[in-house]
Amino acid sequence: MIHHISIAVNNPQHVADVIAELWQGRSVPFPAHEGSYIAFRFDLYGTAIEVMPKSLILKPGLETAAVQFADFEPATGYTATHANISVVVSEQKVYEIAEREGWRAVRCRRGGAVDLIELWVENQVMLELLPPNLMPEYLAAVEPNSLSALLKNLAAAQ
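Cut-offs and rules
- Residues numbered from 1 in each chain as written.
- Predicted model: local features only at pLDDT ≥ 70, side-chain atom pairs only at ≥ 80, totals over all residues.
- Heavy atoms only, no water.
- Core = buried A, V, L, I, M, F, W, Y, C linked by side-chain atoms within 4.5 Å.
- Buried < 20%, exposed > 50% of the residue type's maximum accessible area, 1.4 Å probe, protein only.
- Helix = DSSP H or I, 4+ residues; strand = E, 2+ residues; numbered from the N terminus.
- Domains from an automatic or database assignment.
- Contact = heavy atoms within 4.5 Å.
- Pairing = 2+ DSSP bridges.
- Axes fitted to C-alpha atoms, helices over the stretch in contact; angles between N-to-C directions.
- Salt bridge = Lys/Arg side-chain N within 4 Å of Asp/Glu carboxyl O.

Asker: What is the right way to look at the nonpolar core in this model?
Answerer: Grouped together as the largest cluster of nonpolar side chains are 33 residues, with contacts concentrated most on I7, I19, L22 and L129. Among the secondary structure elements, those contributing two or more residues to this core are β1 (4-9), α1 (12-23), β3 (37-40), β4 (48-53), β7 (83-86), α2 (91-101), β9 (114-121) and β10 (125-130). The dominant element in this core, judged by the number of residues it contributes, is α1, at seven residues. Residues from two domains meet in this core; each of domain 1 (1-75) and domain 2 (79-157) gives at least three. Not counting chain neighbours up to four residues away, the residues in contact with I7 comprise V15, I19, I49, E50, V51, M52, T81 and V125.

Below is the structure:
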């Protein structure tokens, strides 16, 4: 289980506020680095997304020191980092929020198995959203027996 992830965006506070809205949760400043925020879902698992400035990178500390923050200049606005998250708002509300923000949101079918909504945060970072109406299909596809069969089929196809 992933309890939290971090993403790098242009406007961390705004993006954290939108994610909190999708979860009906709350966003607050992230104390580890000024200018970063964290959106909490307030579920039993501590689900959260840390939202950091795009100009920030994490790098290992010297010897046994903790992670350090540093600046970098991104080559492009896109990143391979993404997350698949469930949200408590309806599919229609996702589209309304996306339209309000000017962000791309499109319903897609993944691997012929599940539907989800690609929400492109700031039109650069993808979040795969699962509103309540899409959760049952997703959970059925990733339950252990279904997932094992899918992986077996993928291995046979290679």
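Now that the structure has been shown, we can carry on.
Asker: Just to check I follow, could you spell out the sheet that holds β1 for this structure?
Answerer: Each strand in a sheet pairs with another by means of backbone hydrogen bonds, the pair being arranged parallel or else antiparallel. Here four strands make up an open sheet; going across it, the order is β1-β4-β3-β2 and the pairing mixed. Looking at the sheet topology across the chains shown, the edges are occupied by β1 and β2 (26-29). Along the sheet, successive strands turn relative to each other by an average axial angle of 25 degrees, direction set aside. In the sheet, β2 pairs with β3 via four bridges, with the strands oriented antiparallel. Opposite V28, over in β3, you have I38 as the bridge partner. Here α1 sits on the sheet and contacts β1, β2, β3 and β4; the angle it forms with β4, its principal contact strand, is near 165 degrees.

Asker: Explanation requested: the pattern of salt bridges in the structure shown.
Answerer: Oppositely charged side chains can form a pair if their charged atoms are brought close together. If you walk through the whole model with that rule in mind, you get six salt bridges. Ionic pairing is found between R100 and E21, a salt bridge with its closest N-O pair at 2.9 Å. You can see R100 sitting in helix α2 and its partner E21 sitting in helix α1, a full 79 residues away along the chain. R107 is paired through a salt bridge with D115; the nearest N and O atoms lie 3.0 Å apart. Here the salt bridges share partners, and the residues they tie into one network are E91, R107, R109, D115 and E137.

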